[in-house]
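Structural features, examined
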Amino acid sequence: KEAAADLKTALGERTEDLVAMKTLARVYDALGDHVSSLGVLEKLCAVEANDIGNWTNRGFELTSLGRYEEALTIYGKALALDKDEPTALSDRAYALMKLGRNQEALADVERSLKSYPSNAFALRTRALLRLAKGEREKACADLHLAHVIGGVPEVDQLIEKNCGGI
């Protein structure tokens, strides 16, 4: 928290230090302060409108706040820059799934995995979609692969609950 406060103080109202702003957004996200991270990312999107990472991260923060419809709009802006960007597709798939739009979510997550097959978040999302369809065996295969890749904390709990353990 001190690092975030120091970085925010050093930045002040200046938006020209883009690296520092991106770092600040990441620090806020790591602290679970999605509102503050979102605020920084909104400024970054205004300054760097062609940076797909800014738009994708902004959508992620909206998703983290449960603001799925808004997130879809932002992911749309990211995908307008690159229609096949795998992280934006994977993150949009999760937001679509949370809205109950599972067919659209599955289409996005499959496109994401086609170009980035080791995306553990996409594998987790596809597993959740497969569980919703009653495809437990396929879901467990996705979850086990996501576990091996790592980085998605809830995967282990999903394996325990749905697949009989790791």
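Conventions and cut-offs
- Residues numbered from 1 in each chain as written.
- Predicted model: local features only at pLDDT ≥ 70, side-chain atom pairs only at ≥ 80, totals over all residues.
- Heavy atoms only, no water.
- Helix = DSSP H or I, 4+ residues; strand = E, 2+ residues; numbered from the N terminus.
- Rg over C-alpha atoms; globule rule 2.2 N^0.38 Å.
- Buried < 20%, exposed > 50% of the residue type's maximum accessible area, 1.4 Å probe, protein only.
- Contact = heavy atoms within 4.5 Å.
- Lys, Arg positive; Asp, Glu negative; His and termini not counted.
- Charge placed at Lys NZ, Arg CZ, Asp CG, Glu CD.
- Disulfide = S-S within 2.5 Å.

On to the overall build of the protein chain, then. A tally of helices and strands in the protein chain yields 10 helices and zero strands. Secondary structure elements in the protein chain, listed N-terminal to C-terminal, are α-α-α-α-α-α-α-α-α-α. Its C-alpha atoms give the protein chain a radius of gyration of 17 Å, within 12% of the compact-globule value 15 Å for 166 residues. Along the first, second and third principal axes, the C-alpha set of the protein chain runs to 50 × 35 × 25 Å. Within the protein chain, the proportion of its 166 residues that are buried is 42%. Of all intrachain contacts in the protein chain linking residues separated by at least 6 positions in sequence, the fraction that spans at least 24 positions is 40%. Separation between the mean location of the 22 positive side-chain charges and that of the 26 negative ones in the protein chain comes to 5 Å.

In total, this model carries one disulfide according to the counting rule given. Each disulfide pairs two cysteine sulfurs, and for Cys140 the partner residue is Cys163, the sulfurs being separated by 2.0 Å. Residues Cys140 and Cys163 are joined by a disulfide whose S-S torsion is about -95°; by sign, that bridge is left-handed. With a gap of 23 residues between them, Cys140 in helix 9 (residues 136-149) and Cys163 in helix 10 (residues 154-163) connect regions that are remote in the sequence. What makes Cys140 buried here is its relative accessible area of 7%. Relative accessible area serves as the criterion here: at 16%, Cys163 is assigned to the buried category.

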